[in-house]
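An overview of the molecular structure
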Amino acid sequence: MTLDTERLDPNDDISRTGILGRMADVLSRKGYNTASFAIERNSVALQGKPGVSKASVTIGINGLPNVYLDPGVDDVFTMLHNKTEFSSGIFGDTWSTSLIDSVANNKLLHKAIDSLDSTTTTARFPTSTFGSSLETVARMIASREKRGVDVDIFHVVLTRFDTHKRNNEQLEDRFKDVNNSLRAFVKEMKTMNLWNDVTLIQTSEFGRTLTPNGSGTDHGWGGNYMLMGGSVKGGQILGKYPTDFTTNGPLTLHRGRMIPSTPWEAPFQGIASWLGIDASDMLEVCPNLKSFNSSYLIDPDEIFDSAKVSSAPEVPEVPSSPSSEAFSRFTCFVPLVLSLAA
């Protein structure tokens, strides 16, 4: 279920790709320099077509891990894995290429982050897993010019929402952490003057029952997902809000399991538009979009305030260097996944 919601391609039209990876593919083909990062655990959501956009990088909640190689070993390591002979197999060559690229990317990212001031983040983040993850995201965003990127995409997972028991106590602790961590992140983005160029979406693979099981709730179906950012038109509920939560309601199943009325494609189509993806490329980003007519979808103008949205990043015809700053706008997309299954 988690994989399906991260891929958003139920008919396998674009095999082995995720919703965020396909966005990065389209933007990369348009000439934008994109970067995708998973915090702590890799996600299929960031997977694009091979060779189109850059592969995603997985980093820890406290930043990039170090790769320790002795100076002498470093040269031998590169020479060994760069060597291809007639008897070399494709799997071995692919593994060696991936290993060399991973070590090289690690060094480049460390160089970009280490060049920043130790007090890069000014907001006080909670020391929780989620707070540390968002602080790492903020530090990566702060290194955007050193990395020369136009668009950053981050995937953050927060678990322990499967509250079959002790529902109230657990949610009180989790929501307090979510609130404090997001408050610090928003403050940091505003300090960087980037809040209008940052959008976060909170999603989950399924909802919860509206009626308790005694001390908790059980697995449901439909749920509410939040979108936030400086350009987001906040304070509103989009989609069709249920008018009857009783067992007689047209969208209510046993024990308050709500039938979804808005597809996942609705918010992600809006986000793709906000990132500068044209309607002509939308079926690549959301292959299942063709299954829904306009009554199920949401106009991007209902989601985002056009007055606050900057123009899409300008693509320099001839970048002056790998760290070129010739872009007029940086955009950041941080999908926040609150897992209800673990």
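In short, a report on the structure.

Helix and strand counts for the protein chain come out as 10 helices and 6 strands. Across the protein chain, contacts joining residues at least 24 apart in sequence account for 72% of those joining residues at least 6 apart. Only carbon and sulfur atoms are counted for the fraction: they give 53% of the accessible area of the protein chain, which is about 18,200 Å².

The next point concerns unusual backbone geometry. For D12, which is not glycine, the phi torsion reads 55 degrees and is therefore positive. Assignment of secondary structure puts D12 in the loop between α1 (2-7) and α2 (19-29). The backbone phi angle of N193 is positive, close to 60 degrees, even though this residue is not glycine. Along the polypeptide, N193 turns up in the loop between α7 (167-191) and β4 (198-203).

It is worth spelling out the nonpolar core at this point. One finds I141 and F185 to be the most contacted residues of the largest nonpolar core, which totals 38 residues. Leave out the neighbours within four places in its chain, and F185 touches F125, L134, V137, A138, I141, V198, L200 and V334. Membership of the second largest hydrophobic core comes to 31 residues, among which are L8, M23, A272 and W274.

All right, on to the pairing of strand β3 (residues 151-158) then. A regular strand places its side chains so that they alternate between the two faces of the sheet. Judged by how many residues are buried, β3 sits mostly within the fold: 8 of 8 residues are covered. Side-chain alternation along β3 places V151, I153, H155 and V157 on one buried face and D152, F154, V156 and L158 on a second face that is also buried. Of the pairings in the sheet, the one linking strand β1 (residues 34-39) to β3 comprises 5 bridges and is parallel in character. Bridge pairing links S36 to I153 in β3.

The contact between α2 and helix α8 (residues 265-274) brings their axes to 11 Å, and the two run at 25 degrees. The orientation of α2 with respect to α8, classified from their angle, is roughly parallel. The interaxial crossing formed by α2 with α8 has right-handed handedness. Residues I19, L20 and M23 of α2 touch α8, and the partners they reach there are F268, I271 and A272. Residue composition of the contact of α2 with α8, grouped by class: 6 nonpolar, no polar and no charged.

Turning to the packing of aromatic side chains, a few remarks are in order. The tally for this structure, following the rule as stated, stands at 6 aromatic pairs. Each ring, one from Y241 and one from F245, has its centre 5.8 Å from the other, and the planes form 70 degrees; the classification is edge-to-face. The ring of Y296 carries the charged tip of K240 above its face, separated from the ring centre by 5.5 Å.

On to the pattern of salt bridges. Per the counting criterion, the structure on display carries 9 salt bridges. The shortest N-O distance in the salt bridge between R147 and D152 comes to 2.6 Å. Here the salt bridges share partners, and the residues they tie into one network are R7, D9 and D12.

One can describe the packing of helix α5 (residues 129-142) onto α7 by two numbers: an axis separation of 9 Å at closest approach and a directional angle of 15 degrees. Regarding the angle of α5 to α7, the classification is roughly parallel. Helix-helix and strand crossings are classified by hand; for α5 and α7 the assignment is right-handed. Across the interface between the two elements, F130, G131, L134, V137, A138 and I141 from α5 touch D177, V178, S181, L182, F185, E188 and M189 from α7.

One turn of an α-helix holds 3.6 residues; hence residues three or four places apart share an orientation. With 25 residues, α7 should cover 36 Å at 1.5 Å per step; its first-to-last C-alpha distance of 36 Å lies within 8% of that length. Directly after α7, the chain includes N193, whose backbone phi takes a positive value near 60 degrees.

The rules behind these values
- Residues numbered from 1 in each chain as written.
- Predicted model: local features only at pLDDT ≥ 70, side-chain atom pairs only at ≥ 80, totals over all residues.
- Heavy atoms only, no water.
- Helix = DSSP H or I, 4+ residues; strand = E, 2+ residues; numbered from the N terminus.
- Contact = heavy atoms within 4.5 Å.
- Areas by Shrake-Rupley, 256 points an atom, 1.4 Å probe, with all protein chains shown as cover.
- Core = buried A, V, L, I, M, F, W, Y, C linked by side-chain atoms within 4.5 Å.
- Buried < 20%, exposed > 50% of the residue type's maximum accessible area, 1.4 Å probe, protein only.
- Pairing = 2+ DSSP bridges.
- Axes fitted to C-alpha atoms, helices over the stretch in contact; angles between N-to-C directions.
- Parallel < 35°, antiparallel > 145°, perpendicular 65-115°, else oblique.
- Left-handed = near helix turned anticlockwise from the far one by under 90°.
- Nonpolar A, V, L, I, M, F, W, Y, C, P; charged D, E, K, R; others polar.
- Phe/Tyr/Trp six-rings, centres within 6.5 Å; stacked < 30°, edge-to-face > 60°.
- Lys NZ or Arg CZ within 6 Å of the ring centre and 35° of its normal.
- Salt bridge = Lys/Arg side-chain N within 4 Å of Asp/Glu carboxyl O.
- Expected span 1.5 Å × (residues − 1).

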